[in-house]
Amino acid sequence: MIEALVIVFFPMLVAFAGASDLLTMKIGNRVSILLIFGFGLLALALELPLAAWGMHGLGLLVLFLPCFAFFAAGWMGGGDVKLISSIGLWFGFSPLLVEFLFFVAVFGCVLTVSILMVRRYFVVLPEPLTNQEWLLRLHDEKSGIPYGIAIAAAALLMYPMSDWFGYIGH
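Before going into details, it helps to say that this report is about the structure given with it.

The rules behind each value
- Residues numbered from 1 in each chain as written.
- Predicted model: local features only at pLDDT ≥ 70, side-chain atom pairs only at ≥ 80, totals over all residues.
- Heavy atoms only, no water.
- Salt bridge = Lys/Arg side-chain N within 4 Å of Asp/Glu carboxyl O.
- Helix = DSSP H or I, 4+ residues; strand = E, 2+ residues; numbered from the N terminus.
- Buried < 20%, exposed > 50% of the residue type's maximum accessible area, 1.4 Å probe, protein only.
- 1 Å grid on protein atoms, 1.4 Å probe; cavity = no way out; pocket = protein on both sides within 12 Å on 5 of 7 lines; lining within 4 Å.
- Points joined across faces, edges and corners; volume = space filled by probe spheres on them.
- Nonpolar A, V, L, I, M, F, W, Y, C, P; charged D, E, K, R; others polar.
- Contact = heavy atoms within 4.5 Å.
- Axes fitted to C-alpha atoms, helices over the stretch in contact; angles between N-to-C directions.
- Parallel < 35°, antiparallel > 145°, perpendicular 65-115°, else oblique.

1. Section: the pattern of salt bridges
And step 1. Overall, the coordinates contain 1 salt bridge when judged by the stated rule.
And step 2. A salt bridge links Arg137 to Glu133; its shortest N-O distance comes to 3.4 Å. Taken together, the residues Arg137 and Glu133, both in helix H6 (residues 133-139) and 4 residues apart, mark about one turn of the helix.
And step 3. When its relative accessible area of 24% is taken as the criterion, Arg137 is described as partly exposed.

2. What to know about the layout of surface pockets
And step 1. Taken as a whole, the largest pocket spans an internal volume of roughly 460 Å³.
And step 2. Around the largest pocket, the lining comprises 24 residues; the ones closest to its centre are Trp75, Met76, Gly77, Asp80 and Tyr147.
And step 3. Of all the secondary-structure elements, those providing two or more residues to the lining of the largest pocket are helix H3 (50-72), helix H4 (78-91) and helix H5 (95-121).
And step 4. Tallying contributions element by element places H3 first for the lining of the largest pocket, with 5 residues.
And step 5. Here the lining of the largest pocket is built from residues that sort into 17 nonpolar, 4 polar and 3 charged.
And step 6. In this structure, the second largest pocket spans a volume of roughly 230 Å³.
And step 7. His56, Phe91, Gly92, Ser94 and Asp163 are, among the 15 residues lining the second largest pocket, the residues nearest its centre.
And step 8. Elements that contribute at least two residues to the lining of the second largest pocket include exactly H3 and H4.
And step 9. Broken down by element, the residue count for the lining of the second largest pocket peaks at 3 residues, all from H3.
And step 10. A class-by-class count of the residues in the lining of the second largest pocket yields 10 nonpolar, 4 polar and 1 charged.

3. Some remarks on the environment of Val81
And step 1. With respect to the element layout, Val81 can be found in helix H4.
And step 2. The class of Val81 is buried, set by a relative accessible area of 3%.
And step 3. Considered as a pair, Val81 and Leu46 are 35 residues apart in the sequence and their alpha carbons are 27 Å apart.
And step 4. The contacts of Val81, once residues within four sequence positions are left out, are Phe64, Cys67, Phe68, Phe71 and Met76.

4. Here we look at the packing of helix H2 (residues 29-45) against H4
And step 1. Following both chains from N to C, one finds H2 and H4 inclined at 10°, their axes separated by 9 Å at the closest point. One way to sum up the angle between H2 and H4 is to call them roughly parallel. Note on element contacts: H4 touches H2 through Lys82, Leu83, Ser86, Leu89 and Trp90, opposite Asn29, Val31, Ser32, Leu35, Ile36, Gly38, Phe39 and Leu42.
And step 2. Counted by class, the contact of H2 with H4 contains 8 nonpolar, 4 polar and 1 charged residues.

Printed below as a string of structure tokens:
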């Protein structure tokens, strides 16, 4: 059962968050709440030491505090802040967290430049695509960038390298 939680729970929720941001430009609170709750259940089941709980909590705080400031400045969406912070809880205050942030930045840059280029060079979408509300929203210059996609992609890339996979088969 623990193996299933390790292998399925986190990736499923993170992938859902990325897809939700792409299609609706929103990441529901439930995703982040479930990630935090799932972390707690898994940490209890694996009897994580108190010091490890602290390092994981620090991973959340290290991401939440600056990201909340970015949200307050209007640079980041609230769903993105909650998602990246809850992912920080899973990765903890570790070198993996730094690598995760590096890939969030790289994927976010590629995503942003790609969307901006499409918006600029495809002023009008081809007719078959104009009945897709999510695509129209993504193409709209007044719309933001669904950064949850970059956050989710980086999390899915780094997750197999996390300590959680060390518990599989034990």
